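If you want the building blocks of each chain, they are given just below.
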Amino acid sequence: MNTGRDVSKPVTLAGGVAGLAATGAMSALLVAADVAGVMDYEPPRKIIDKFFPSLPLPLRNTAAVFAHFGYGVAGGCLYAVTRKKQSSAGPGLAYGALVWAVGYEGWLPAMGILPPAHRDKTGRAVTMLAAHLLYGAALGKALGRQERDDSVSAAPVGGSGSLSNEGIMNLPPTLPDSYVRYLADKDPLFTAAVLPVLEQSAATQEHGVHVRFLPGGVQALVDQAVPYPQVTEGVD
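Residues numbered from 1 in each chain as written. Predicted model: local features only at pLDDT ≥ 70, side-chain atom pairs only at ≥ 80, totals over all residues. Heavy atoms only, no water.

Caption draft 1: Molecular detail of the overall build of the chain. The helix and strand inventory of the chain stands at 8 helices and 3 strands. Moving toward the C terminus, one meets the helices and strands of the chain in the order α-α-α-α-α-α-α-α-β-β-β. Burial status across the chain gives 42% buried among its 236 residues. Residue pairs at least 24 apart in sequence account for 65% of intrachain contacts in the chain once pairs closer than 6 positions are excluded. Taken as a whole, the chain presents about 11900 Å² of accessible surface, with 65% of it coming from carbon and sulfur. (Helix = DSSP H or I, 4+ residues; strand = E, 2+ residues; numbered from the N terminus. Buried < 20%, exposed > 50% of the residue type's maximum accessible area, 1.4 Å probe, protein only. Contact = heavy atoms within 4.5 Å. Areas by Shrake-Rupley, 256 points an atom, 1.4 Å probe, with all protein chains shown as cover.)

Structure representation (C-alpha cells):
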C-alpha cells in the first residue's frame, strides 16, 4: 500500500499552506478595492455580524479576519486532497470560480447573509469574483510549486554509486526535471529498475510513481494516488 501521496509533508498541510498564501493575495485585492470605495461591507464581516451580533465591534473585526483566513486555508486543504493531477494556476482558477459560485450564488444567499451575486451591488459582486479567481490561481500555483519541490525530497540518500553527468545527459529528454533529479544520486541498478516506469508516467502525464523497497531490490509502479510528476517511496 502507498505510504502517502507526498513524503515531505501531508497533502492537507501543503494545501493549507498554499491556501494561506492565496488568501493573502486575495486580501490584498480586497483591501485595494475597499480603499478605492468599490467594496461595501465586506462579506467576512457580514458573516460574523450575522452569527455573532452581540460581540463588541473590535472582536467582530478580529473574528472576521480569522474567519476569512480560516476559510481560505480550509479551501486550500480541500483543493489539495481532491485534485486529480499536478496542480497549476489553471485548475486553481477553475476551483476559485467554483468556490465563488457555491458561496455567492449558494449558501450565503440561502442563509440571508448576502443577496445572490447576480442581484448584489455591482462593485462588490465583481470584486468578489475577481478576488476568488485570484485566490484560485494563486492556490494552484503555490501548491504546484510545493509539489515540484517535494518530489525532489523523495530521493533516498546513499547507494553504491550515482549517475554521472554523462548518465544524466543520456536520460530520455521526455522525463520531467523532477524525475531527472530523483535519479541523480541513484546507482545504476536502481535506475535500471525504476526508469521504465518513470518513462511510462511521463508518457501519459496523468499519475506519478510509487517506489517500493523490497527485500533484495525495488519495484516501481505508476500510482493513481500520486500526482504527476511526483515520486513517493515506501516499504510495502
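Caption draft 2: Here's a closer look at the sheet that holds strand β3 (residues 231-234). The strand order across the open sheet built from 3 strands is β2-β1-β3, with neighbouring strands paired in mixed fashion. Among the strands making up the open sheet, the edge pair consists of β2 (217-227) and β3. The average undirected angle you get between the axes of adjacent strands in this sheet is 30°. The sheet contact formed by strand β1 (residues 207-214) and β2 spans 8 bridges and is antiparallel. Looking at β2, one finds that V211 is bridged to A220. Against the sheet, helix α8 (residues 188-204) engages β1, β2 and β3, with an angle of about 25° to β2. (Pairing = 2+ DSSP bridges. Axes fitted to C-alpha atoms, helices over the stretch in contact; angles between N-to-C directions.)

Caption draft 3: The arrangement of the pairing of β1 in detail. Linkage of β1 to β2, two consecutive antiparallel strands, is achieved through a turn of 2 residues, within which G216 is found at a positive phi near 85°. Pairing of β1 with β3 involves 4 bridges; the strand directions are parallel. Bridge assignment links V211 to a residue of β3, and that residue is E233.

Caption draft 4: Spatial organisation of the confidence of the model for the chain. A residue-level look at the chain finds 84% of positions with pLDDT of 70 or above and a mean pLDDT of 83. Taking the mean pLDDT of every element in the chain, the minimum, 49, falls on helix α6 (residues 165-169) and the maximum, 94, on helix α4 (residues 89-110). Scored below 50 in pLDDT, residues 1-8 makes 30 contacts in the model with residues more than four places away or belonging to other chains. Confidence over residues 152-163 falls short of pLDDT 50; this stretch has 32 contacts with residues more than four positions distant or in other chains. (pLDDT = per-residue confidence, 0-100.)

Caption draft 5: Looking closely at the environment of A14. Locating A14 in the fold gives a position in helix α1 (residues 11-35). Expressed as a C-alpha distance, the spacing of A14 and C77, which sit 63 residues apart in the sequence, is 7.4 Å.

Caption draft 6: Fine view of the side chain of D49. In this structure, D49 sits in helix α2 (residues 43-51). We classify D49 as buried; its relative accessible area is 14%. Excluding its chain neighbours within four sequence positions, the residues that come into contact with D49 are Y41 and R60.

Caption draft 7: Representation of the packing of aromatic side chains within the structure. Taken as a whole and assessed by the stated rule, the structure comprises 5 aromatic pairs. Grouped by ring-pair contacts, the aromatic residues Y182, F190 and F213 constitute a single cluster. The ring of Y182 is capped by K186, whose NZ or CZ atom sits 4.1 Å from the centre of that ring. (Phe/Tyr/Trp six-rings, centres within 6.5 Å; stacked < 30°, edge-to-face > 60°. Lys NZ or Arg CZ within 6 Å of the ring centre and 35° of its normal.)

Caption draft 8: Structural view of the packing of helix α3 (residues 57-82) against α4. Direction vectors running N to C along α3 and α4 enclose 125°, while the axes themselves pass 12 Å from each other. When the axis of α3 is compared with that of α4, the two are oblique. At the point where α3 passes α4, the crossing takes the right-handed sense. Across the interface between the two elements, Y71, G75, L78 and Y79 of α3 pack against P91, G92, Y95, V99 and W107 of α4. Looking at the contact of α3 with α4 residue by residue, the classes come out as 7 nonpolar, 2 polar and no charged. (Parallel < 35°, antiparallel > 145°, perpendicular 65-115°, else oblique. Left-handed = near helix turned anticlockwise from the far one by under 90°. Nonpolar A, V, L, I, M, F, W, Y, C, P; charged D, E, K, R; others polar.)

Caption draft 9: Representation of unusual backbone geometry. For the bond running from Y228 to P229, omega is 0°, close enough to zero to count as cis. Residue placement: P229 occurs in the loop between β2 and β3. Of note, Q205 is a non-glycine position whose phi angle comes to about 55°, a positive value. Tracing the backbone shows Q205 in the loop between α8 and β1. What makes Q205 partly exposed here is its relative accessible area of 47%.

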